[in-house]
Amino acid sequence: MSTLIRPAVRAARVAATGVAVVLIAACSSGSGSSGSSGAGRSARPAAGSTSPTPAASASTPNPRASAYVLPASAAPTGFTPTAAEPETPAEKKADQDTNRCLGLPADEHHIDEADGPDLDDQQAGASVSTTADVYTAAQVATDVRYYGNPTHLATIIRCYQQVGGTLFATPDEHGTTATIQSIQPLDISYLSHHVLGLRLTVLVTATSGVASTSGGPGGVVPAALTATGGTPAAATAATRTVPLYIDDLALASGRIEQQIEFSQALQPPDATLERGLAVRGNALLDHQ
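These numbers come from a predicted model, not from an experiment.

The helix and strand tally for the protein chain stands at six helices and eight strands. Going from the N terminus to the C terminus, the protein chain shows its helices and strands as α-α-β-α-β-β-β-α-α-β-β-β-β-α. The burial tally for the protein chain puts 50% of its 288 residues in the buried class. Across the protein chain, contacts joining residues at least 24 apart in sequence account for 72% of those joining residues at least 6 apart. Surface exposure of the protein chain reaches about 12,200 Å², of which carbon and sulfur atoms provide 55%.

Written out as structure tokens, the structure reads:
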């Protein structure tokens, strides 16, 4: 369950790229977290969506991890599903370093693993991602005892801050960096398979536009940085530091460990959206 690092990196990437479209106007107008970014709108899961039943059953010796991640059809209105990006060597090392910090084996052997599609609303700087791993029942029980033990919470937070802080401080290909401001426990007791919930507040510093035909980071051209005709303003770039809120939910049951992560720039993720998708992900674990 040390996979917090990679989803958090994805979340920072979404905030540093897609939200650039609206952050310039929101920050310059002084509108704060309730500005025109769309961050405060009440997003909802796609209408008529129901929790799919995984193909795995009690008679299946090795359940498939892909049956326990949110599918593309779970994307709420305004969110676009895209294939999850593969883990980078730096992210893999960060996960290993986190385990070492926690006193756990650096590499936990899993039978199967899967990343669900990233569900992104880049206009609002919001993202949802899920991962699932299949282990032996004994491994899952060991992880649940460790991560679900309140006496370990301070160590878990310290290790995430230490390892994540080092990783985020290293600029990515666009020069984006991030600083973990705080990590606080998050109540996810409404989920029957809950293990641990954490809310990270991260300060992301990114260049919101560049003077090139490709636009800003990730190909985004902020409206405030474009000249007449839609071309980027000559030699213009703006650097902003904005808060990013990441809610990380760790769930487990039987032989499955599942992680659901919600992120939102400027303000915490929409509570209704989060609860609805978390309940849907939790329901997947009922079928093994």
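A separate point is the nonpolar core. Counting residues in hydrophobic clusters, the biggest one holds 31 residues, and the most contacted among them are Leu102, Tyr147, Ile156, Ile183, Leu196, Leu198 and Val202. Breaking this core down by element, the ones donating at least two residues are helix 3 (89-102), helix 4 (137-147), helix 5 (153-169), strand 5 (177-185), strand 6 (194-207) and strand 7 (239-253). When residues of this core are assigned to their parent elements, the largest contribution, seven residues, is made by helix 5. With residues up to four places along the chain from it excluded, the contact list for Ile183 reads Ile157, Tyr160, Gln161, Leu198, Arg199 and Leu200.

Let's shift gears to the pairing of strand 3 (residues 118-121). Going residue by residue along strand 3, you find Asp118 and Asp120 tucked away on one face and Leu119 and Asp121 tucked away on the opposite face as well. Judged from the three bridges that link them, strand 1 (residues 80-82) and strand 3 form a sheet pairing that is antiparallel. Counted as the bridge partner of Thr82 is Asp118 from strand 3. Direction of pairing for strand 3 relative to strand 4 (residues 126-134): antiparallel, over a ladder of three bridges. Of the residues in strand 4, the one forming a bridge with Leu119 is Val128. In textbook terms, the turn of a hairpin is the stretch between consecutive antiparallel strands, and for strand 3 and strand 4 this stretch comprises four residues, one of which, Gly125, has a positive phi near 70°.

Right, let's get into the packing of aromatic side chains. Applying the stated criterion across every chain, the model contains one aromatic pair. Aromatic side chains Tyr146 and Tyr147 sit 5.4 Å apart centroid to centroid with 75° between the ring planes, which places their arrangement in the edge-to-face category. Across this residue pair, the class does not change: Tyr146 and Tyr147 are buried. Above the ring of Tyr190, the side-chain terminus of Arg275 is found at 4.0 Å from the ring centroid.

Our focus in this paragraph is the environment of Tyr190. Topologically, Tyr190 is positioned in the loop between strand 5 and strand 6. Given the relative accessible area of 27%, Tyr190 is considered partly exposed. Separated by 88 residues in sequence, Tyr190 and Ala278 have C-alpha atoms that sit 9.5 Å apart. Apart from residues no more than four positions distant in its own chain, Tyr190 is found in contact with Leu249, Glu274, Arg275, Ala278 and Val279.

Once that is clear, we can look at the side chain of Gln258. Among the secondary structure elements, Gln258 is positioned in strand 8 (residues 256-265). Of note is the side chain of Gln258, whose polar atom sits 3.0 Å from the backbone oxygen of Gly281.

Most of strand 8 sits out of view: ten of its ten residues are buried. In this structure, strand 4 lies alongside strand 8, joined through nine bridges in antiparallel fashion. Each bridged residue has a counterpart across the sheet, and for Thr131 the counterpart in strand 8 is Gln259.

Confidence in the prediction of the protein chain, expressed as mean pLDDT, is 74, and 67% of residues score 70 or more. By mean pLDDT, the top-scoring element of the protein chain is helix 6 (residues 271-284) (97), and the lowest-scoring one is helix 2 (residues 20-28) (37). pLDDT under 50 marks residues 17-59. Its contacts with residues more than four places away, or in other chains, come to 91 contacts. In this model, residues 209-236 is a region of pLDDT below 50 whose contacts with residues beyond four sequence positions or in other chains number 52 contacts.

Now for the pattern of salt bridges. Per the counting criterion, the structure on display carries four salt bridges. The closest approach of N and O atoms between Asp112 and Arg64, which form a salt bridge, is 3.3 Å. With Asp112 in strand 2 (residues 112-115) and Arg64 in the loop between helix 2 and strand 1, this residue pair connects regions lying 48 residues apart in the sequence. Exposure remark for Asp112: the relative accessible area of 18% places this residue in the buried category. Across the pair Asp247 and Arg199 runs a salt bridge whose closest N-O atoms are separated by 2.7 Å. Residue Asp247 is found in strand 7, and its partner Arg199 is found in strand 6; the two are separated by 48 residues along the sequence. Judged by relative accessible area, which is 25%, Arg199 ranks as partly exposed. Because the salt bridges share partners, they merge into one network encompassing Lys93, Asp97 and Arg100.

Parameters and conventions
- Residues numbered from 1 in each chain as written.
- Predicted model: local features only at pLDDT ≥ 70, side-chain atom pairs only at ≥ 80, totals over all residues.
- Heavy atoms only, no water.
- Helix = DSSP H or I, 4+ residues; strand = E, 2+ residues; numbered from the N terminus.
- Buried < 20%, exposed > 50% of the residue type's maximum accessible area, 1.4 Å probe, protein only.
- Contact = heavy atoms within 4.5 Å.
- Areas by Shrake-Rupley, 256 points an atom, 1.4 Å probe, with all protein chains shown as cover.
- Core = buried A, V, L, I, M, F, W, Y, C linked by side-chain atoms within 4.5 Å.
- Pairing = 2+ DSSP bridges.
- Phe/Tyr/Trp six-rings, centres within 6.5 Å; stacked < 30°, edge-to-face > 60°.
- Lys NZ or Arg CZ within 6 Å of the ring centre and 35° of its normal.
- Polar contact = N/O pair within 3.5 Å; in protein donor to acceptor, adjacent residues only side chain to side chain.
- pLDDT = per-residue confidence, 0-100.
- Salt bridge = Lys/Arg side-chain N within 4 Å of Asp/Glu carboxyl O.

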